[in-house]
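Chains, contacts and geometry: an overview
For reference, the chains in residue letters:
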Amino acid sequence: MKKLTTLFFVLVFASSMALAQNNDADVDQEGVNQDAEIEQVGSTNTADVDQFTNNSGAQESDVIQLGSDNEATVEQNQTGGGGNALNTAYIKQDGTSNEATQMQTAGGYNGGQSVWGLQDGTGNILNQTISSGYTVSLHAEQVGTNNDVDQDASATHSHGEVYQDGSDHEAVQNLTGSNNGYMGDIMLIDQDGTNQYAKQDFNGSGSSHSNNGSIIQLQSDNEAWQLSSGRDLNATLTQDGVGNWSKQQQTGVGHSSTVTQMGDSNTSHVMQSSGGS
């Protein structure tokens, strides 16, 4: 049975552009084939989605917030390991000082888990985590200034992407588990702007493992780290501009590292060692 306890919708139109404030939306669902949608316009709004299924059907959540100082939290939990697929969570925030968190947990053979976060503005924070599952995907996009994103996956066949455009952004991505990057899956942080910071850490195991990893930073005064441990490995880092800094460290099996820096007074460190499994 599908249970929808609360579905909250806020939308305000006025010639003076008055906006709704201090609204709370709370959706709790348990059962089969869950679907939640929340849209809020204004400031200091809160959205909370909790979905749970005992190995029965897919989960989907969509949250849109337009304004400032809003918070959105989505948590999807799926128990069992019976091959259920296509749990998806999406948050879009447009404004300043917004915060979004998305979390997914699924059985080891439940595939197609994905989270997608999009933020446009200043001083926004995005945290996305998939702690188990199969063929999982994390995707983050931020445009503006002083935005932060943190993505973590601990699963099988993990895929993570971060795109940031503007200045003074920070991106951290951690992928662990077996076969991350396998069959062309992407591990990528792509930043375009100045004073950006990026760190990507990936490790894993598995007979068909194929790590990769690529950080692209365009413009100046950017800093990037890539740390990898385990199996085939691969790391590519490209920086464009003046005064950039990078470090790549690899441990285990099949090393490979490519660093390209363009401009003046750039610094790069590459460390490779045997070990791993």
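Parameters and conventions
- Residues numbered from 1 in each chain as written.
- Predicted model: local features only at pLDDT ≥ 70, side-chain atom pairs only at ≥ 80, totals over all residues.
- Heavy atoms only, no water.
- Helix = DSSP H or I, 4+ residues; strand = E, 2+ residues; numbered from the N terminus.
- Buried < 20%, exposed > 50% of the residue type's maximum accessible area, 1.4 Å probe, protein only.
- Contact = heavy atoms within 4.5 Å.
- Core = buried A, V, L, I, M, F, W, Y, C linked by side-chain atoms within 4.5 Å.
- Polar contact = N/O pair within 3.5 Å; in protein donor to acceptor, adjacent residues only side chain to side chain.
- Pairing = 2+ DSSP bridges.
- pLDDT = per-residue confidence, 0-100.

Brief notes about the overall build of the chain
Along its length, the chain carries zero helices and 23 strands. Out of the 277 residues belonging to the chain, those deemed buried represent 43%. In the chain, 46% of the contacts between residues at least 6 apart in sequence involve partners at least 24 apart.

Remarks on unusual backbone geometry
Unlike most non-glycine residues, D168 shows phi in positive territory, near 60°. Tracing the backbone through its elements, the reader meets D168 in the loop between β14 (156-167) and β15 (170-176). Positive phi is not limited to glycine here, since D221 has a value of about 60°. As for its position among the elements, D221 is in the loop between β18 (214-218) and β19 (223-229).

Observations regarding the environment of V41
Tracing the backbone through its elements, the reader meets V41 in strand β4 (residues 34-43). Classification of V41 by relative accessible area gives buried; the value is 9%. Along the chain, V41 and G67 lie 26 residues apart, while their C-alpha atoms are 6.0 Å from each other.

Examining the nonpolar core
Grouped together as the largest cluster of nonpolar side chains are 31 residues, with contacts concentrated most on I38, V49 and V63. Here the element with the most residues in this core is strand β12 (residues 134-145); it accounts for three residues.

Notes on the side chain of Q173
In this structure, Q173 sits in strand β15. There is a polar contact of 3.4 Å between the side chain of Q173 and the backbone oxygen of G160. In this structure the side chain of Q173 is engaged in a polar contact, spanning 3.4 Å, whose partner is the backbone nitrogen of E161.

A few points about the pairing of β4
Remark: a regular strand shows side chains that alternate across the two faces of the sheet. Buried residues dominate β4, accounting for seven of its 10 residues. Pairing of β4 with strand β6 (residues 59-66) involves eight bridges; the strand directions are parallel. Its bridge partner being in β6, E37 is matched across the sheet by D62.

Observations concerning the pairing of strand β7 (residues 71-78)
Alternating residues of β7 divide into A72, V74, Q76 and Q78, all buried, and E71, T73, E75 and N77, none buried. The sheet contact formed by strand β5 (residues 46-53) and β7 spans eight bridges and is parallel. Bridge pairing in β7 places Q51 opposite Q76.

Things to note about the environment of T79
One can find T79 in the loop between β7 and β8 (88-94). Spatially, the C-alpha atoms of T79 and F52 are 8.2 Å apart, while their sequence positions differ by 27 residues.

A word on the confidence of the model for the chain
Looking at the chain as a whole, the pLDDT averages 80, with 80% of positions reaching at least 70. The secondary structure element of the chain with the lowest average pLDDT is strand β1 (residues 3-4), at 36, and the one with the highest is β8, at 96. Taken together, the stretch residues 1-18 has pLDDT below 50 and engages in 37 contacts with residues farther than four places along the chain or on a different chain.

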